[in-house]
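Reading the structure
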Amino acid sequence: MTEATALPPPEPVRIGIVSISDRASSGVYEDKGLPALQDWLSRALHNPIEFVPRLIPDEQDGISATLIELVEREACSLVLTTGGTGPALRDVTPEATLAVAHKEMPGFGEQMRQISLRFVPTAILSRQVAVIRHQSLIINLPGQPKAIQETLEGLKASDGSALVPGIFAAVPYCVDLIGGPYLETRDGVCKAFRPKTAQRPAR
């Protein structure tokens, strides 16, 4: 590719990452959710990313307030949470997320559970949801780093071919549709799907 036809640099993006845990937020143990999210997103995207991290307890009002802050004050186009999505009494992340929703996107949660069911039957106990607030996409992810990667990236055969698509393949086009930046994925990690009419030249 000549210099005259070189692609413009990828658009910068602000991404909120939220780890929700009573014990990690109080220092009882080291949080592993934020590093896992940051590592995977850094590997998956060409875009320059400004991460806006939050480590907070399992308090419904506090979670909702944090999500609103990340969307409205911090202008994050994408917000990913980890933790608090099971059936335990303190697990209130889905309720806090739905409380700030303008639109619900149920397909994300359905696909995450399909992926996790490949490994454990208790995946049916997971209650992850995804929503849109204004021009931002908010997605609840599982709490364990391995499960975070599996649900974002999907499952691959030994030859590298996709067995089950990960949810992140649909994230860039969703962000397009709500007016966010054009997210460019690294195909070796996660190949984004867009209709041909929405695709820009591949990097």
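Residues numbered from 1 in each chain as written. Predicted model: local features only at pLDDT ≥ 70, side-chain atom pairs only at ≥ 80, totals over all residues. Heavy atoms only, no water.

What follows concerns the pairing of strand S1 (residues 13-20). Counting buried residues in S1 gives seven out of eight residues, a clear majority hidden from the surface. Pairing geometry for S1 and strand S2 (residues 49-56), over eight bridges, is parallel. What sits directly across from Val 13, in S2, is Ile 49. (Buried < 20%, exposed > 50% of the residue type's maximum accessible area, 1.4 Å probe, protein only. Helix = DSSP H or I, 4+ residues; strand = E, 2+ residues; numbered from the N terminus. Pairing = 2+ DSSP bridges.)

With that settled, consider the nonpolar core. Of all hydrophobic cores here, the largest spans 32 residues; its most connected members are Leu 137, Ile 139, Leu 141, Phe 168 and Val 171. Sorting the residues of this core by element identifies S1, helix H2 (33-44), strand S3 (78-82), helix H5 (106-116), strand S5 (130-133), strand S6 (136-141), helix H6 (145-153) and helix H7 (171-177) as the ones contributing at least two each. For this core, the element with the highest residue contribution is H2, accounting for six residues. For Leu 141, the contacting residues outside a window of four places in its chain are Leu 37, Leu 80, Thr 81, Thr 82, Gly 83, Thr 85, Met 112, Gln 128, Ile 148, Thr 151, Leu 152 and Ile 167. With 15 residues, the next largest nonpolar core counts Val 71, Val 79, Val 92 and Ala 96 among its residues. (Core = buried A, V, L, I, M, F, W, Y, C linked by side-chain atoms within 4.5 Å. Contact = heavy atoms within 4.5 Å.)

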